[in-house]
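# Geometric and topological summary
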Amino acid sequence: MSANSERLRAIELKGRMMLVSVLRLNTADAADLDAALEARMAEAPDLMRDMPLVMDLEALGPLPMPELLVTVERVRRHGFKVIGIQQGEVATAQVGEATGLPLLVLGAKSGEPPARRSAPEPAAPEPRAAPAPAPAVHTPTRVVTQPVRSGQQIYARGGDLIVMGAVSAGAEVLADGHIHVYGTMRGRVLAGVRGLATAHIYCRRLDAELISIGGHYRIAEDILDSERGENRLVTLAGETIRISEI
């Protein structure tokens, strides 16, 4: 074995997904931006406090560099965890160097990771390390009695999530623990989002856009017709998402 091969054994690249949301700025006005950021943080402080965000600056148009830097810093001061800037005409290499943030290319649909098969394969290094495993003891289960509609995001921090109705296409439900959906499960469903590989997803009917456990995921195109249907259980075996009938 060569010396270089021996050195490479010290690290290992894994195909993993990191949950990333996009924060699109539509204004650089200080008062309007402060008010909007405060309101958004107040809606879901537990979720926003630790969720990595990528800033989309394209709607701002060309701005003087000092004003752009102040705008980015304003977002940080409100407690948002900014890990990068979405690459575009406004977000150039010069902006990345000035802010100290990497320029990232996300999937075509805002906030989604680029489509990738679930089979483990080498991937580019992630912007930061994978989340630490969830604690063994969860907080009380969060129960949602209404259907989760398109555009909604529901997060059960530190515990399990039970949805009594359906999860619509375009919706997103997340939990640090297990997820139970007692209706048709569409949209994006992510269990064990802080690295809990033993998390399960149970649903009355599976028709999801994306399913994920512990950072590993499968998109709709990877889910076979035979795996879709009623009374499904989603688990993680090693690095493979498995779907079985209950």
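Residues numbered from 1 in each chain as written. Predicted model: local features only at pLDDT ≥ 70, side-chain atom pairs only at ≥ 80, totals over all residues. Heavy atoms only, no water.

### Side note on the overall build of the chain
- Summing up its helical and strand segments, the chain has 5 helices and 15 strands in all.
- Every one of the 246 residues in the chain was classed for burial, and the buried ones make up 43%.
- Across the chain, the fraction of contacts at a sequence separation of at least 24, relative to all contacts at a separation of at least 6, is 44%.
- On the chain, roughly 12900 Å² of surface is accessible, and the fraction owed to carbon and sulfur atoms is 52%. (Helix = DSSP H or I, 4+ residues; strand = E, 2+ residues; numbered from the N terminus. Buried < 20%, exposed > 50% of the residue type's maximum accessible area, 1.4 Å probe, protein only. Contact = heavy atoms within 4.5 Å. Areas by Shrake-Rupley, 256 points an atom, 1.4 Å probe, with all protein chains shown as cover.)

### Considering the nonpolar core
- In terms of nonpolar packing, the biggest core is built from 28 residues, with Leu161, Val173, Ile179, Met185 and Ile211 touching the most fellow members.
- If sequence neighbours within four positions are ignored, Val173 has contacts with Val148, Ile154, Leu161, Val163, Val167, Ile179, Arg188, Val189 and Leu190.
- Of all hydrophobic cores here, the second largest spans 20 residues; its members include Met55, Ile85, Val90 and Val95. (Core = buried A, V, L, I, M, F, W, Y, C linked by side-chain atoms within 4.5 Å.)

### What about the environment of Val189?
- Structurally, the position occupied by Val189 is in strand S10 (residues 188-191).
- The buried category is assigned to Val189, whose relative accessible area is 0%.
- Residues Val189 and Ile179, 10 residues apart in the sequence, show an inter-C-alpha distance of 8.1 Å.
- Residues in contact with Val189, not counting those within four places in the same chain, are Val173, Ile179, Ile201, Leu210, Ile211 and Ser212.

### Focus on the sheet that holds strand S14 (residues 229-237)
- If you trace the 6 strands from one edge of the open sheet to the other, you get S5-S7-S9-S11-S14-S15, paired in mixed fashion. Lying at the two open borders of the sheet, with one neighbouring strand each, are strand S5 (142-144) and strand S15 (240-245). On average, each strand axis in the sheet is tilted by 20° relative to the strand beside it, whichever way the strands run.
- Sheet analysis places S5 next to strand S7 (residues 161-163), joined by 3 bridges and oriented parallel. The residue of S7 that forms the bridge with Val143 is Ile162. (Pairing = 2+ DSSP bridges. Axes fitted to C-alpha atoms, helices over the stretch in contact; angles between N-to-C directions.)

### Let's talk about the environment of Ala28
- As for its placement among the helices and strands, Ala28 is situated in the loop between strand S1 (21-24) and helix H2 (30-43).
- Leave out the neighbours within four places in its chain, and Ala28 touches Leu60, Leu63, Glu67 and Thr71.

### So, the confidence of the model for the chain
- For the chain, the mean per-residue pLDDT works out to 78, and 75% of the residues sit at or above 70.
- Here residues 133-138 is modelled with pLDDT under 50, and outside its nearest four sequence neighbours on either side it reaches 12 contacts, counting other chains as well. (pLDDT = per-residue confidence, 0-100.)

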